[in-house]
Amino acid sequence: MKQTFHGVFSLLLFFLAIIVALISLSNQSLWLALLYLVIVCLSSCGILYAYCTKCSVRLDNCSHIFPGSLTRYFPIRKQGPYTFLDYALTVLFLLVLVLFPQYWLLTDRIALILFWVLAVIATAEILVFVCRQCENARCLM
């Protein structure tokens, strides 16, 4: 069985970064926090659809476990090489997810630093550990 610690740990770290942003936003405005929660849900679904649904190992050998399992509930996409649109949409959804709270996090320096520390460590976990053991030969990473 494939090791999944780093995949799950990286998702947990990124989830914690989002929680930090949600708490910081809720201290400023409950509506803002709710809006960000909707953005998180929609962006996550967008990433899953644009990128994860094309992964050839998503159902049986996903190192992240949860995204692969969730793709069962999305429309089936033909597996094959990723297109420019797949990459562009994935980056767009990820940027929206990460950049939306930045304006408000600037007023809460501790939350800003914690958000970025968690997000950077999560990204490093993915690039250093998860990508190296991934069997998706078509992934850009």
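Before reading further, recall that the structure is shown in the block above.
About the cut-offs
All residue numbers here refer to positions counted from 1 along the written sequence of the relevant chain. Restriction of local features to residues with pLDDT of at least 70 applies here, the model being predicted, together with a cutoff of 80 or more for giving and counting side-chain atom pairs; totals for whole chains, interfaces and linings are based on all residues. Processing note: side-chain calculations cover all non-hydrogen atoms of the structure and skip hydrogens and water entirely. By definition, any uninterrupted DSSP run of H or I lasting at least four residues is a helix, any uninterrupted run of E lasting at least two residues is a strand, and each is numbered from the N terminus. Our radius of gyration looks at C-alpha atoms and nothing else; its globule reference is 2.2 Å times the residue count to the power 0.38. Each residue gets one of three labels from its accessible area relative to the maximum for its type: buried under 20%, exposed over 50%, partly exposed in between, using a 1.4 Å probe on protein chains only. Take a side-chain nitrogen of Lys or Arg and a carboxyl oxygen of Asp or Glu: if they are within 4 Å of each other, that pair is a salt bridge. Working definition: a ring pair exists when centres of Phe, Tyr or Trp rings (six-membered ring for Trp) sit within 6.5 Å. Plane angles under 30 degrees give stacked, over 60 give edge-to-face, the rest tilted. The rule is short: NZ of Lys or CZ of Arg within 6 Å of the ring centre and within 35 degrees of the ring normal puts a charge over the ring. In this text, buried Ala, Val, Leu, Ile, Met, Phe, Trp, Tyr and Cys residues form a nonpolar core when linked through side-chain atoms within 4.5 Å. We call two residues contacting when some pair of their heavy atoms lies within 4.5 Å. Every angle, taken between N-to-C directions, lies between 0 and 180 degrees, and every axis is a line fitted to C-alpha atoms, over only the stretch in contact when it is a helix. Orientation labels follow simple angle bins: below 35 degrees gives roughly parallel, above 145 gives roughly antiparallel, 65 to 115 gives roughly perpendicular, and whatever is left gives oblique.

K.L.:
Explain the overall build of the protein chain to me, please; I cannot follow it from the model alone.
P.N.:
Counting its secondary structure elements, the protein chain contains six helices and zero strands. What you see in the protein chain, going N to C, is helices and strands ordered as α-α-α-α-α-α. In summary, the protein chain has a C-alpha radius of gyration of 16 Å against a globular reference of 14 Å for 141 residues, a match within 12%. If you line up the protein chain on its principal axes, its C-alpha atoms span 45 × 30 × 25 Å. Relative to its 141 residues, the protein chain shows a buried fraction of 41%.

K.L.:
For this particular structure, what's the right way to read the pattern of salt bridges?
P.N.:
Pairing between side chains of opposite charge can happen when their charged atoms approach one another. Summed over all chains, the structure comprises two salt bridges. For Asp-86, the salt bridge is made with Lys-54, and the minimal N-O distance between the two is 3.0 Å. Taken together, the positions of Asp-86 in helix H4 (residues 84-99) and Lys-54 in the loop between helix H2 (30-50) and helix H3 (66-70) put the pair 32 residues apart, joining distant regions of the chain. A relative accessible area of 4% means that Asp-86 is categorised as buried. Of the charged contacts, one joins Asp-86 and Arg-77 as a salt bridge, the two residues approaching to 2.7 Å between their closest N and O atoms. By relative accessible area, Arg-77 is classed as buried at 17%. Because the salt bridges share partners, they merge into one network encompassing Lys-54, Arg-77 and Asp-86.

K.L.:
Help me understand the packing of aromatic side chains, please; the structure alone is not making it clear to me.
P.N.:
Geometry of an aromatic ring pair is reported as the spacing of the ring centres plus the angle between the planes. Applying the stated criterion across every chain yields a total of eight aromatic pairs. For the ring pair Phe-115 and Trp-116, a centre distance of 5.5 Å and an interplane angle of 80° mean the geometry is edge-to-face. Classification of Phe-115 by relative accessible area gives buried; the value is 1%. Ring pairing ties together the aromatic residues Tyr-36, Phe-100, Tyr-103 and Trp-104, which thus form one cluster. When the ring centre of Tyr-49 is taken as reference, the NZ or CZ atom of Arg-77 above it lies at 4.9 Å.

K.L.:
Would you take a moment to explain the nonpolar core for this structure?
P.N.:
Judged by nonpolar contacts, the single largest core of 22 residues is most densely connected at Phe-14, Ile-18, Tyr-36, Leu-97, Leu-105 and Phe-115. Looking at this core, the elements that each hand over two or more residues are helix H1 (5-28), H2, H4 and helix H6 (109-133). For this core, the element with the most residues is H1, which contributes eight residues. Setting aside residues no more than four positions away along its own chain, Phe-115 makes contact with Ala-17, Ile-18, Val-20, Ala-21, Tyr-36, Val-98, Gln-102 and Leu-105.

K.L.:
Just checking my understanding: could you explain the packing of H1 against H2 for this structure?
P.N.:
If you want to describe how two helices pack, look at the angle between their axes and the distance between the axes. Close contact between H1 and H2 brings their axes to 7 Å; oriented N to C, the two are set at 155°. In terms of orientation, H1 lies roughly antiparallel with respect to H2. Residues Ile-18, Ala-21, Leu-22, Leu-25 and Ser-26 of H1 pack against Leu-30, Leu-32, Ala-33, Tyr-36, Leu-37 and Val-40 of H2.

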